[in-house]
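Breakdown of the fold
Single-letter residue listing:
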Amino acid sequence: MSQGSKPPTAPPSISNSLSFDELRNAIQEIATDTNGDNEYQNFLDFIEDLPNMRPNEIFDKLGSHGYVAQNEARRALSLMAYRHVQRICRIYLDNIPASELPAKSNMLLIGPTGSGKTYITELLFRHILKLPTVLVDITTYSETGYVGQDVMSILTRLLFASEGNLPLAEVGVVCLDEFDKIASGQNNAVFAGAGTTKDISGLGVQRELLKLLESAELTVPTEFSHSSYQQHVLMSTRNIPFIACGAFSGFKLITQLYNQQPSIGFHNENKEQLNHDIAVSFRQDEVDQTRHFQQYGFLPELIARFDRIVPFKALDEEALSSILKRNLISAYEREFELEGFNLMIDESLLKHLVKEAIRRETGARGLRATLSRYLEEAAFETFSSPDASNVRVSWEQGRLHVDKS
Ligand SMILES: Nc1ncnc2c1ncn2[C@@H]1O[C@H](COP(=O)(O)OP(=O)(O)O)[C@@H](O)[C@H]1O
Ligand SMILES: [Mg+2]
């Protein structure tokens, strides 16, 4: 993004009172002068080239990439992405001190499986903004010194995603997927039977994450190894937005229990009538209560690091059907066309696929797998004996029909 031409900056004089940033800039300038390493210039060029989009344009761009529904969450994330880009441009191109700007934002996305939490994060930051983005399954991490990856190595990944460019890594984005699975008291399958004394309650990982999410300067290994001789760099998370995603199944139950009349209480059979579903939608007021997360098994101070908790809704029939039509079917139609056939997928099959997804509470996840399983039969028959030109696939009387003509 171009924010007007930048006046040439005078080389900073090195004194004892330099701040962390000033010191780093000084070192960078010396590095540039002495060995021609223009890491910092490359970083500035990168920032200048960031797409210049307004929040509503980002919102629309998500739509044109095939993202459907979740309008409220989409607005919140589009605005957050816009602010992130503005913030880094102001700091690095316009030289406005970070202390004069609003702090970076961490977000917690909560909602049912397959509702597009991970997808929107990747689409937005990696594909649309083209920022260094890492997506980690947080359940594979552990407290420092135990079996499993060290939480700090998440930042090593970000360095890799930035091709080793440290300032670039420091404005990248981290997505912590399956965040709900590190709630304390939950089983952590990765470590089951590993014979360690690891705190499998998840609290250890939560404490490590707290360090990351705080705007801190951290010592980050530059390689993925367990050697104590490995190199480290000092990395700041001050401008790194963290996006945590999780389905939080059972969370609704906690919010409902809290909202019950005192006379009904926690141990009443009425509990049975409460909502046990997975594919439930969350309301803003339900996710804004830190004590609900505490009850779920999270350190309140970790939840407090997320300045915005964004609820995602279960995708309805209309949304699922539109994902099928816009994003999934066309690829198959194209493949059949290249093989010389006209593929017609009947509305009855689409309806069936959507119903199945809703029944299994898997949202849009698995739509592709189920569709390809159904089309397998049609593809095998058609591609084996190319004696027809039209293939119609439908769902009638509880089974799949393939008609060729
Ligand atoms: N709102 C959506 N619009 C378009 N596709 C979606 C949407 N939600 C989910 N999908 C599809 O379903 C897949 C799984 O979604 P994902 O984001 O991984 O779900 P989760 O909410 O469990 O993280 C995505 O890769 C995408 O293809
Ligand atoms: Mg996900």
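As the structure is a computational prediction, the values presented were derived from the model and not from experiment.

1. Considerations on helix α14 (residues 347–360)
Given a rise of 1.5 Å per residue, 14 residues ought to cover 20 Å, and the 20 Å separating the end C-alpha atoms of α14 matches this to within 8%. When we look at burial in α14, the residues that qualify are Leu349, Leu353, Val354 and Ala357. Take α14 and look down its axis: the buried residues cluster within an arc of 135°, on one side only. Pointing more than 90 degrees away from the buried face of α14 are the exposed residues Glu347 and Arg359. Tucked into the core, α14 has its buried residues touching α13 (317–338), β10 (342–345), α15 (367–384) and β11 (390–396). Just past α14, the residue Glu361 takes up positive phi, approximately 55°.

2. Observations concerning the sheet that holds strand β9 (residues 308–311)
The strands making up a sheet associate through hydrogen bonds between their backbones, and the pairing can be parallel or antiparallel. Spatially, the five strands line up as an open sheet ordered β2-β5-β8-β1-β9, and their pairing is parallel. With one partner strand each, in any of the chains shown, β2 (133–137) and β9 form the two edges of the open sheet. With direction set aside, neighbouring strand axes in the sheet form an average angle of 20°. Relative to strand β5 (residues 173–177), β2 is paired through five bridges, and the arrangement is parallel. From the neighbouring strand, Leu135 faces β5, where its bridge partner is Cys175. Across the face of the sheet, helix α5 (residues 117–128) comes into contact with β1 (107–110), β2, β5 and β8 (242–246) while running at roughly 160° to β2. Against the sheet, helix α6 (residues 153–161) makes contact with β2 and β5, and its axis sits at roughly 145° relative to β2, the strand it touches most.

3. Details of the environment of Glu72
Along the chain, Glu72 falls in helix α4 (residues 71–92). By C-beta crowding, Glu72 is classed as partly exposed, having 13 other C-beta atoms within 10 Å. The spatial distance from the C-alpha of Glu72 to the C-alpha of Phe312 is 8.3 Å, given a sequence separation of 240 residues.

4. A few points about the sheet that holds β11
Read from one edge to the other, the open sheet built from three strands follows the order β10-β11-β12, with strand pairing classed as mixed. Since the sheet does not close on itself, it has two edges, and those belong to β10 and β12 (399–404), each with one partner. Neighbour to neighbour, the strand axes of the sheet diverge by 15° on average, direction disregarded. Here four bridges tie β10 to β11, and the two strands are oriented parallel to one another. Looking at β11, one finds that Asn342 is bridged to Asn390. α14 contacts β10 and β11 of the sheet and is inclined by roughly 45° relative to β11. Along the sheet, α15 contacts β11 and β12; its crossing angle with β12, the most-contacted strand, is approximately 25°.

5. Focus on the packing of α14 against α15
Two elements in contact, α14 and α15, have axes separated by 10 Å at closest approach and are oriented at 135°. As far as their axial angle goes, α15 and α14 are oblique. In terms of crossing hand, the pair formed by α14 and α15 is right-handed. Contacts between α14 and α15 involve Leu349, Leu353, Glu356 and Ala357 on the former and, on the latter, Leu367, Thr370, Leu371 and Tyr374.

Analysis parameters
Within each chain, residues carry numbers counting from 1 in the order of the written sequence. A letter from A marks each chain and a number from 1 marks each ligand, given out in the order of writing. Only residues with pLDDT of 70 or above have their local features reported here, since the model is predicted, and side-chain atom pairs are shown and tallied only from 80 upward, although totals for entire chains, interfaces and linings are computed over all residues. Where helices and strands are cited, they refer to DSSP runs of H or I of at least four residues and of E of at least two residues respectively, numbered from the N terminus. The length a helix should cover is 1.5 Å for every residue beyond the first. Our exposure labels follow a C-beta count within 10 Å of each residue's own C-beta, placed from the backbone: buried means 20 or more other C-beta atoms, exposed means 12 or fewer, and partly exposed covers the counts in between. This arc describes the spread of directions from the helix axis toward the C-beta atoms. Whether two residues are in contact is decided by their C-beta atoms, placed from the backbone, lying within 7 Å. At least two bridges found by DSSP between two strands is the condition for calling them paired. Interaxial angle, 0 to 180 degrees, is taken between N-to-C directions of lines fitted to C-alpha atoms, where a helix line uses only the stretch in contact. Any angle from 65 to 115 degrees is called roughly perpendicular, while one under 35 is roughly parallel, one over 145 is roughly antiparallel, and all others are oblique. Left-handed describes a crossing whose near helix is turned anticlockwise from the far helix by less than a right angle; the clockwise case is right-handed.

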